[in-house]
Amino acid sequence: MESMAGWPWNPHNCYTLLNVGLKMLLSQLAYVGRPDNTEIPDDDVPLLRLECVRFARALRANKFFEQGDACELWLAETSTNPLPELRFFPV
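I will try to describe carefully the structure that is included in this document. Small disclaimer: the values here were computed from a predicted structure and weren't measured.

### Brief notes about the overall build of the protein
Thought 1: Across its full length, the protein carries four helices and zero strands.
Thought 2: From first element to last, N terminus to C terminus, the protein shows the α and β order α-α-α-α.
Thought 3: Within the protein, the proportion of its 91 residues that are buried is 29%.
Thought 4: In the protein, the proportion of contacts linking residues at least 24 apart, taken out of those at least 6 apart, comes to 55%.
Thought 5: Considering the protein, the positive charge centre built from 8 side chains and the negative charge centre built from 12 side chains are found 8 Å apart.

Here it is, written out as structure tokens:
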């Protein structure tokens, strides 16, 4: 296994990039008002939303987690989601 000593990525910068991507996915995977140019099939939206929530829950344990970031926004989405798989997802 390769050592991480020479790893060129700053973990905080990586978290920031993930946060930006998750914020973009909030609008691209919205049930209402979703942009037409996402090329994401409508049938894939519920599963992708579930995976974003799972990812957000995993990232929340990260030391870079901040109130109001995309992880918190995704986790807040669960309480009002029409699908029971998301509405009752343990956050």
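Having put the structure on the table, let's press on.
### Some details on the pattern of salt bridges
Thought 1: For the structure shown, the criterion picks out three salt bridges.
Thought 2: With a closest N to O distance of 2.2 Å, Asp42 and Arg34 form a salt bridge.
Thought 3: Measuring nitrogen to oxygen at the nearest pair gives 2.6 Å for the salt bridge that ties Glu77 to Arg49. With Glu77 in helix α3 (residues 70-77) and Arg49 in helix α2 (residues 45-60), this residue pair connects regions lying 28 residues apart in the sequence.
Thought 4: Note on Glu77: relative accessible area 28%, which makes it partly exposed.
Thought 5: Take Arg49: its relative accessible area is 3%, and that puts it in the buried class.

### Here's the deal with the nonpolar core
Thought 1: Membership of the largest hydrophobic core comes to 18 residues, with the highest contact counts inside it found for Leu22, Leu29, Val53, Cys71 and Trp74.
Thought 2: Counting residues per element, the ones that place at least two in this core are α1 (11-28), α2 and α3.
Thought 3: Per-element accounting of this core gives the leading share, six residues, to α2.
Thought 4: Excluding its chain neighbours within four sequence positions, the residues that come into contact with Val53 are Trp74, Leu75, Thr78, Leu86 and Phe89.

### Details of the packing of α1 against α2
Two packed helices can be described by the angle between their axes and the distance between those axes.
Thought 1: Packing of α1 against α2 brings their axes to within 12 Å, and their N-to-C directions diverge by 150°. In terms of orientation, α1 and α2 fall into the roughly antiparallel class. Seen from above, α1 lies across α2 with left-handed handedness. Counting all contacts with α1, which are made through Tyr15, Leu18, Leu22 and Leu25, the residues of α2 involved are Cys52, Phe55 and Leu59.
Thought 2: When its residues are assigned to classes, the contact of α1 with α2 shows seven nonpolar, no polar and no charged.

### Looking at unusual backbone geometry
Thought 1: The backbone phi angle of Glu39 is positive, close to 60°, even though this residue is not glycine.
Thought 2: Exposure remark for Glu39: the relative accessible area of 77% places this residue in the exposed category.

Quick notes on the rules
- Residues numbered from 1 in each chain as written.
- Predicted model: local features only at pLDDT ≥ 70, side-chain atom pairs only at ≥ 80, totals over all residues.
- Heavy atoms only, no water.
- Helix = DSSP H or I, 4+ residues; strand = E, 2+ residues; numbered from the N terminus.
- Buried < 20%, exposed > 50% of the residue type's maximum accessible area, 1.4 Å probe, protein only.
- Contact = heavy atoms within 4.5 Å.
- Lys, Arg positive; Asp, Glu negative; His and termini not counted.
- Charge placed at Lys NZ, Arg CZ, Asp CG, Glu CD.
- Salt bridge = Lys/Arg side-chain N within 4 Å of Asp/Glu carboxyl O.
- Core = buried A, V, L, I, M, F, W, Y, C linked by side-chain atoms within 4.5 Å.
- Axes fitted to C-alpha atoms, helices over the stretch in contact; angles between N-to-C directions.
- Parallel < 35°, antiparallel > 145°, perpendicular 65-115°, else oblique.
- Left-handed = near helix turned anticlockwise from the far one by under 90°.
- Nonpolar A, V, L, I, M, F, W, Y, C, P; charged D, E, K, R; others polar.

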